[in-house]
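# Coordinate inspection notes
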Amino acid sequence: LIVPGEADNLKITTPEDLARLAALEESAFSARAFAPRRFRPEPRAAEGPPEIPQLPDFSERIAPRAQNCVPQTPCTGLGYDVHRYVEEGAPKARPMKLGGVPIPGAPYIEAHSDGDVLLHALMDAILGCLGAGDIGGLFPDTDERFAGMDSALLLSEVMALADKAGLVLTHVDVTVIAQVPKISPHRELMRKNLCALLHLDSASVNVKATTEERLGFTGRKEGIKAVAVVSALK
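Rules used in this analysis
Residues numbered from 1 in each chain as written. Predicted model: local features only at pLDDT ≥ 70, side-chain atom pairs only at ≥ 80, totals over all residues. Heavy atoms only, no water. Helix = DSSP H or I, 4+ residues; strand = E, 2+ residues; numbered from the N terminus. Buried < 20%, exposed > 50% of the residue type's maximum accessible area, 1.4 Å probe, protein only. Contact = heavy atoms within 4.5 Å. Areas by Shrake-Rupley, 256 points an atom, 1.4 Å probe, with all protein chains shown as cover. Core = buried A, V, L, I, M, F, W, Y, C linked by side-chain atoms within 4.5 Å. Pairing = 2+ DSSP bridges. Salt bridge = Lys/Arg side-chain N within 4 Å of Asp/Glu carboxyl O. Phe/Tyr/Trp six-rings, centres within 6.5 Å; stacked < 30°, edge-to-face > 60°. Axes fitted to C-alpha atoms, helices over the stretch in contact; angles between N-to-C directions. Parallel < 35°, antiparallel > 145°, perpendicular 65-115°, else oblique. Left-handed = near helix turned anticlockwise from the far one by under 90°. Nonpolar A, V, L, I, M, F, W, Y, C, P; charged D, E, K, R; others polar.

## Details of the overall build of the chain
- Helix and strand counts for the chain come out as 6 helices and 8 strands.
- Looking at the chain as a whole, 42% of its 234 residues are labelled buried.
- In the chain, of all internal contacts separated by at least 6 residues, the share reaching a separation of at least 24 is 76%.
- Counting every atom, the chain has about 13500 Å² of accessible surface; 54% of that belongs to carbon and sulfur.

## Points about the nonpolar core
- Of all hydrophobic cores here, the largest spans 56 residues; its most connected members are Leu 98, Leu 122, Ile 126 and Leu 130.
- Breaking this core down by element, the ones donating at least two residues are β1 (74–86), α2 (117–130), α3 (135–138), α4 (151–165), β6 (168–177), α5 (184–198), β7 (205–210) and β8 (223–233).
- With 11 residues, the top contributor of residues to this core is α2.
- The residues contacting Leu 98, other than those within four sequence positions of it, are Ile 103, Asp 116, Val 117, Leu 118, Val 176, Ile 183, Met 190 and Ile 224.

## Overview of the pairing of β1
- Across 11 bridges, β1 lies against β8 in antiparallel orientation. Note that in β8 the partner of Arg 84 across the bridge is Gly 223.
- The pairing of β1 with strand β5 (residues 108–110) spans 2 bridges and is antiparallel. Bridging from a neighbouring strand, Tyr 85 pairs with Ile 109 of β5.

## Remarks on the pattern of salt bridges
- For the structure on display, the rule yields 8 salt bridges.
- Between Arg 220 and Glu 222 there is a salt bridge, and its shortest N-O distance comes to 2.9 Å.
- Among the ionic contacts, a cluster of salt bridges with common partners joins Lys 97, Asp 114 and Asp 150.

## Observations concerning the packing of aromatic side chains
- Within the structure shown, the criterion is met by 1 aromatic pair.
- Measuring from ring centre to ring centre gives 5.3 Å for Phe 139 and Phe 146, while their planes differ by 80 degrees; the resulting arrangement is edge-to-face.

## Some points on the environment of Arg 84
- Along the chain, the position of Arg 84 falls in strand β1.
- Sequence separation between Arg 84 and Tyr 108 is 24 residues; the distance between their C-alpha atoms is 8.4 Å.

## Looking at the side chain of Arg 191
- For Arg 191, the position within the fold is in helix α5.
- Non-local contacts of Arg 191, meaning those with residues more than four positions away in its chain, are made with Ser 202, Val 205 and Val 207.

## Observations regarding the sheet that holds β7
- Strand order in the open sheet formed by 6 strands is β2-β5-β1-β8-β6-β7, with mixed pairing between adjacent strands. The open sheet has two free edges, formed respectively by β2 (93–94) and β7, since each of these has just one partner strand.
- Bridge count for β2 against β5 is 2 bridges, and the pairing is antiparallel. Counted as the bridge partner of Arg 94 is Ile 109 from β5.

## Things to note about the packing of α2 against α5
- Remark: α2 packs on α5, axes separated minimally by 13 Å, with the N-to-C direction vectors making an angle of 40 degrees. With respect to each other, α2 and α5 are oriented oblique. Between α2 and α5 the crossing geometry is right-handed. Of the residues in α5, those touching α2 at Leu 118, Leu 119, Leu 122 and Ile 126 are Met 190, Leu 194, Leu 197 and Leu 198.
- Taken together, the residues of the contact of α2 with α5 sort by class into 8 nonpolar, no polar and no charged.

## A few points about the packing of α2 against α4
- Axis separation between α2 and α4 bottoms out at 10 Å; the angle between their running directions is 15 degrees. Overall, the two elements α2 and α4 adopt an arrangement that is roughly parallel. As for the relative orientation of α2 and α4, their crossing is left-handed in sense. Where α2 approaches α4, its residues Leu 119, His 120, Leu 122, Met 123, Ile 126, Leu 127 and Leu 130 are matched on the opposing element by Ser 151, Ala 152, Leu 154, Leu 155, Val 158, Met 159, Leu 161, Ala 162 and Ala 165.
- Counted by class, the contact of α2 with α4 contains 14 nonpolar, 2 polar and no charged residues.

Rendered as structure tokens:
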């Protein structure tokens, strides 16, 4: 039986193998660029190019970082978001997405945008690092331009603000809290998608899930919530 493998998946047999592994780890760490990285959306399979509405210009909210100024001040942002479960066909009912990943068979979400509770919490955490308010201030649910909008597109706007300010994300830790659906089958794909959206390596992004032991609104299967913690340099 032959299964596909990876060249970096080394077998440790001799002291020389350990030395090779240490050299690879050192090389991978030194290759990380601690410099502002501009968001680039993932390629998406679609019948045609998506229709992207004209978004407001939020750049005036952020003062640009002076040239040749290296980010060095650690900061932490906390984000939290909640969405209610509704029946399919209800007003503002959206199919569940978490971290940009569709969750088949999950309850529908009541939301103005696409209702991605994980990305909403993540955006608020990034804005917390910037001292720039929250996503309700940038993308109000009274603005029809954001109705049903892909939250990954909204995240791109937040990342553009971070880029302008010279904010460098170093680590992201997110937790989804829900009784249903079961998150574990989708967790790794969510983590990989966040790595791509944020331009961070896999060691810098963690996705967790938990229930509240059938307590509260999540325990009654009435909704879902997410918490995000972002570490950065500015």
